[in-house]
Amino acid sequence: MRKLVAAGNWKMNTDLKSAAALAEALAQKVQQESSIEVVLCPPFPYLTTVKEKISGSSIKLGAQNCYHEAEGAFTGETSVGMLQDTGCDWVILGHSERRHVMGETDEDINKKVVAALDKGLGVILCVGELLEERQADKTNDVLETQMKGGLQGISAEGLKNVIIAYEPVWAIGTGVTATTEEAESAHDFLRKWLSTNYNADAAESMQILYGGSVKPDNAADLMSQPNVDGALVGGASLKADSFGGIIDAAIQVSKG
Ligand code: 13P
């Protein structure tokens, strides 16, 4: 049985004070809840503060990016080991903003995936199509390319430390959420891809999250889809009450 995940991607938002307050409020809410997994991904400078605030709760810490090299002259970059030092269990890789704003390629993303898994850091690998790709009926082709590119060289064993996040780019920060049918169809495609390219066990045990304008009032419907195993949340993860509502939805769905 796959546990539902509620992951908050804070992107380049919050300040030290609001990050600490948000983490503290969520730690108080979640406490030791173990029916679902909650992950917070704050900006780099607030990782240690957020880690302190969530210690004692079941919430896990994640970062929003990393570099593939272990150390050296790479000004401005952050290694996997550095993230682990701050208490991260997860790193988001391949987010559409990294792909489309920063120009990361599948090859860049793959190097990071390999580096993270090599050191035992879990990867939340994001994939998703642009609006024009969906309109041109290319969604599955894009997902296939991004999965193949991002997971190049990763074994079925390595996959155990990977979560996939399907984030259609047209749904991110737009208020336009994918319908439950659109989300389920993409997730079903991704799971079948995993089954074909790895094996049925790997595909069955992997969590595939949906991201893109998830809110407390649409979270339960999305997470009730057979192949949707939780949400990667941007805007609605920045307030304790709205992310709390999504956490409640996940708990409610997981307890049936
Ligand atoms: P929004 O929830 O703001 O649409 O962002 C989704 C996202 O990009 C999460 O990684």
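Chemist: Quick one: what's the story with the site of the ligand, residue by residue and with numbers?
Modeler: In the neighbourhood of the ligand, 13 residues make up the surrounding shell, with K11, H95, G173, S213 and G235 lying closest. Note that an oxygen atom of the ligand is positioned 2.7 Å from one of the backbone N or O atoms of S213. About the coverage of the ligand: the protein hides 96% of its 310 Å² of free accessible area. In terms of residue class, the shell around the ligand is made up of four nonpolar, seven polar and two charged.

Chemist: How would you sum up the pattern of salt bridges? Please name residues and give values.
Modeler: According to the stated counting rule, one finds 14 salt bridges in the structure shown. One salt bridge in this structure joins K53 and E24, with 3.8 Å as the shortest N-O distance. You can see K53 sitting in helix α2 (residues 47-54) and its partner E24 sitting in helix α1 (residues 16-30), a full 29 residues away along the chain. Under the relative-accessibility criterion, K53 is labelled partly exposed at 31%.

Chemist: Tell me about the sheet that holds strand β4 (residues 88-93), and name the residues and values.
Modeler: Ordered by their spatial adjacency, eight strands build a closed barrel running β1-β2-β3-β4-β5-β6-β7-β8, and the pairing between neighbours is parallel. Adjacent strand axes in the sheet meet at a mean angle of 25° when their direction is disregarded. With three bridges connecting them, strand β6 (residues 162-166) and strand β7 (residues 208-211) associate as parallel partners. Pairing of A165 across the sheet is with L209, part of β7. Each of β4, β5 (122-127) and β6 touches helix α5 (residues 106-118); the most contacted strand, β5, lies at about 160° to it. Along the sheet, helix α8 (residues 180-197) contacts β5, β6 and β7; its crossing angle with β7, the most-contacted strand, is approximately 150°.

Chemist: For α1, give the residues involved together with the corresponding values.
Modeler: Between its terminal C-alpha atoms α1 stretches 21 Å, which fits the 21 Å expected from 15 residues at 1.5 Å a residue. Within α1, the full set of buried residues consists of A19, A20, L22, A23, L26, A27 and V30. Burial along α1 is one-sided: seen end-on, the buried residues are contained in an arc of 165°. Facing away from the buried side of α1, by more than 90 degrees, are the exposed residues K17 and Q28. Looking at the buried side of α1, the elements it contacts are β2 (36-41), α2 and α11 (240-254).

Chemist: Explain the packing of aromatic side chains to me, using residue names and the numbers behind them.
Modeler: All told, the structure shown has three aromatic pairs when counted by the stated rule. With 5.2 Å between their ring centres and 45° between their planes, Y67 and F74 make a pair best called tilted. On the accessibility criterion, F74 (32% relative accessible area) is partly exposed.

Chemist: An account of the environment of A23 is requested, with residue identities and associated values reported.
Modeler: Checked against the element boundaries, A23 lands in helix α1. On the accessibility criterion, A23 (0% relative accessible area) is buried. Residues A23 and S55 lie 32 residues apart in sequence; the distance between their C-alpha atoms is 9.9 Å. For A23, the contacting residues outside a window of four places in its chain are W10, L40, V50, K53 and I54.

Chemist: Residues and numbers for unusual backbone geometry, please.
Modeler: Phi is positive for K11, which is not a glycine, with a value near 50°. Note on placement: K11 falls in the loop between β1 (4-9) and α1. Even without glycine at this site, Q31 takes up a positive phi of about 45°. Among the secondary structure elements, Q31 is positioned in the loop between α1 and β2. For Q31, a relative accessible area of 49% corresponds to the partly exposed category.

Here is what the cut-offs are and how they apply
Residues numbered from 1 in each chain as written. Predicted model: local features only at pLDDT ≥ 70, side-chain atom pairs only at ≥ 80, totals over all residues. Heavy atoms only, no water. Near = heavy atom within 4 Å. Polar contact = N/O pair within 3.5 Å; in protein donor to acceptor, adjacent residues only side chain to side chain. Areas by Shrake-Rupley, 256 points an atom, 1.4 Å probe, with all protein chains shown as cover. Nonpolar A, V, L, I, M, F, W, Y, C, P; charged D, E, K, R; others polar. Salt bridge = Lys/Arg side-chain N within 4 Å of Asp/Glu carboxyl O. Helix = DSSP H or I, 4+ residues; strand = E, 2+ residues; numbered from the N terminus. Buried < 20%, exposed > 50% of the residue type's maximum accessible area, 1.4 Å probe, protein only. Pairing = 2+ DSSP bridges. Axes fitted to C-alpha atoms, helices over the stretch in contact; angles between N-to-C directions. Contact = heavy atoms within 4.5 Å. Expected span 1.5 Å × (residues − 1). Arc of directions from axis to C-beta. Phe/Tyr/Trp six-rings, centres within 6.5 Å; stacked < 30°, edge-to-face > 60°.

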